[in-house]
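An overview of the molecular structure
Chain by chain, the residues run as shown.
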Amino acid sequence: MKEMNNIYKVPDGYFDSLQKRLEAIPSQHTEVRDPVVAVPLWTKVRPYVALAACMLMAFFVGNFFLGRNQASAPAEFGLQDYYMADLIPVTNPYAIYDDAPMDLYTIEGSSEEDVVQYLISSGTSVDYIAYLLNQ
Amino acid sequence: MTDKEILELYHSGQQQRAFNEIVKNYSERLYWHVRSLVCSHEDTDDLLQDIFVKVWTALPSFRGDAQFFTWLYRIATNVALNFLNKQKVRSALSFESLSDSLERKVDEDPWFNGNEVELELSKAIQKLPQKQKAVFCMRYYQELSYEEISEIMGTSVGALKASYHFAYEKIKKELKEKMSV
């Protein structure tokens, strides 16, 4: 190493005092160096198990309430029942009990009034009903 | 006491005594190394405290895969370069470049004892980029081998040789300009 003290000076006795100050470092910075403590597997895994349990509970509770709401919904009736209900004449509801086979498109005994009532109940606009009646 | 003996002493449980030996063997060497980088005696003194605190804290984790003294120099170099980085930010806030700030410190240093050529050399060195300066100072002042500097800086020997060469050329040019005025 080049002699740098030809270029730079230091205060008298500097390196002796420096050594003393540096040797005091261990006593000022002693940490309790704990041995490596083995962490049990359960302790590491516990937070994730708790999270999974919460998510499962939320799933089952949600499913329970959702299932209850669906159960109170009206039972689905068959497509045929829908057509039948839709075409029961207002003026002669007993027509459905006739022995003659029911034609879904024409019903005996249905009058113009029945047709108008049907159109109104199906939500057809008044203008369109007037148009049909004038056909 | 050799480095190997110091480490054996440390691992045998006599940690304070081992640390004292490290301080005895390396405090002056590391002082000059840091001083060549940061210029100021007061800053060097502060940084040495930090360096040896880090050494004390990191000693249990030293595995011996590098030479002990290159490990120490690496800690010292990193602490000094981090300090210079902070100085760079402070200098920027005061609209002064880091190299100008360090050049001014060399001029104003009450502990500078060299002649005019050595003064200009010190100022020229302070103008180098920080890592290049560290390489140059370790090679020129500390007279470390490229292999040792490579272990300290984590850079290849070839890159270090190139770095030193460029630093040398810059300083030579700077000194020619100053001396010819």
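Residues numbered from 1 in each chain as written. Chains lettered and ligands numbered in written order. Predicted model: local features only at pLDDT ≥ 70, side-chain atom pairs only at ≥ 80, totals over all residues.

A closer look at the interface of chain B and chain A
Across the contact, 28 residues belong to chain B and 17 residues belong to chain A. Of all the elements in the fold, those that place two or more residues in the side of chain B that touches chain A are helix H2 (15-38), helix H3 (41-58) and helix H6 (116-126) of chain B. Tallying contributions element by element places H2(B) first for the side of chain B that touches chain A, with twelve residues. Residue composition of the side of chain B that touches chain A, grouped by class: eleven nonpolar, eleven polar and six charged. (Contact = placed C-beta atoms within 7 Å. Helix = DSSP H or I, 4+ residues; strand = E, 2+ residues; numbered from the N terminus. Nonpolar A, V, L, I, M, F, W, Y, C, P; charged D, E, K, R; others polar.)

Overview of the environment of Glu5(B)
By the element assignment, Glu5(B) lies in helix H1 (residues 3-11). For Glu5(B) and Glu21(B), which are 16 residues apart along the polypeptide, the C-alpha to C-alpha distance reads 9.8 Å.

Section: the nonpolar core
Residue and element names in this part refer to chain B. Membership of the largest hydrophobic core comes to 44 residues, with the highest contact counts inside it found for Leu-30, Val-34, Leu-48, Ile-51, Ala-76, Ala-80 and Val-135. Residue contributions to this core peak at eleven residues, all from H2. Once residues within four sequence positions are removed from consideration, Val-34 is found in contact with Thr-44, Leu-47, Leu-48, Ala-76 and Ala-80. (Core = buried A, V, L, I, M, F, W, Y, C linked by C-beta atoms within 7 Å. Buried ≥ 20, exposed ≤ 12 C-beta atoms within 10 Å, placed from the backbone.)

Examining the confidence of the model for chain B
All names here are of chain B. Here chain B shows a mean pLDDT of 88. Residues at 70 or above account for 96%. H3 holds the highest mean pLDDT among the elements of chain B, 93, whereas helix H5 (residues 98-108) holds the lowest, 76. Interface predicted TM-score (ipTM) for the complex: 0.81; the corresponding pTM is 0.63. (pLDDT = per-residue confidence, 0-100.)

Looking at the packing of H6(B) against helix H9 (residues 157-180) of chain B
All names here are of chain B. It is the contact of H6 with H9, at a shortest axis distance of 9 Å, that shows an interaxial angle of 135°. Relative to H9, H6 is oriented oblique. In terms of crossing hand, the pair formed by H6 and H9 is right-handed. Of the residues in H9, those in contact with Glu-120, Leu-121, Ala-124 and Ile-125 of H6 are Ile-171, Glu-174, Leu-175 and Lys-178. For the contact of H6 with H9, the class distribution of residues is five nonpolar, no polar and three charged. (Axes fitted to C-alpha atoms, helices over the stretch in contact; angles between N-to-C directions. Parallel < 35°, antiparallel > 145°, perpendicular 65-115°, else oblique. Left-handed = near helix turned anticlockwise from the far one by under 90°.)

A closer look at unusual backbone geometry
A negative phi angle is the norm for most residues apart from glycine, just as the trans form is the norm for most peptide bonds. All names here are of chain B. Backbone geometry places Cys-39, a non-glycine residue, at a positive phi of 75°. Position of Cys-39 relative to the elements: it lies in the loop between H2 and H3. Residue class for Cys-39 comes out buried when judged on the 26 C-beta atoms lying within 10 Å of it. Residues other than glycine seldom take positive phi values, yet Glu-143 does so here, at roughly 55°. The topology assignment puts Glu-143 in the loop between helix H7 (130-140) and helix H8 (146-153). With 10 C-beta atoms counted inside 10 Å, the residue Glu-143 sits in the exposed group.

Description of H9(B)
Residue and element names in this part refer to chain B. The terminal C-alpha atoms of H9, which comprises 24 residues, lie 34 Å apart, in line with the 34 Å expected from a rise of 1.5 Å per residue. Residues Leu-160, Ser-163 and Ala-167 constitute the buried set of H9. Looking at the buried residues of H9, the elements they touch are H7 and H8. (Expected span 1.5 Å × (residues − 1).)

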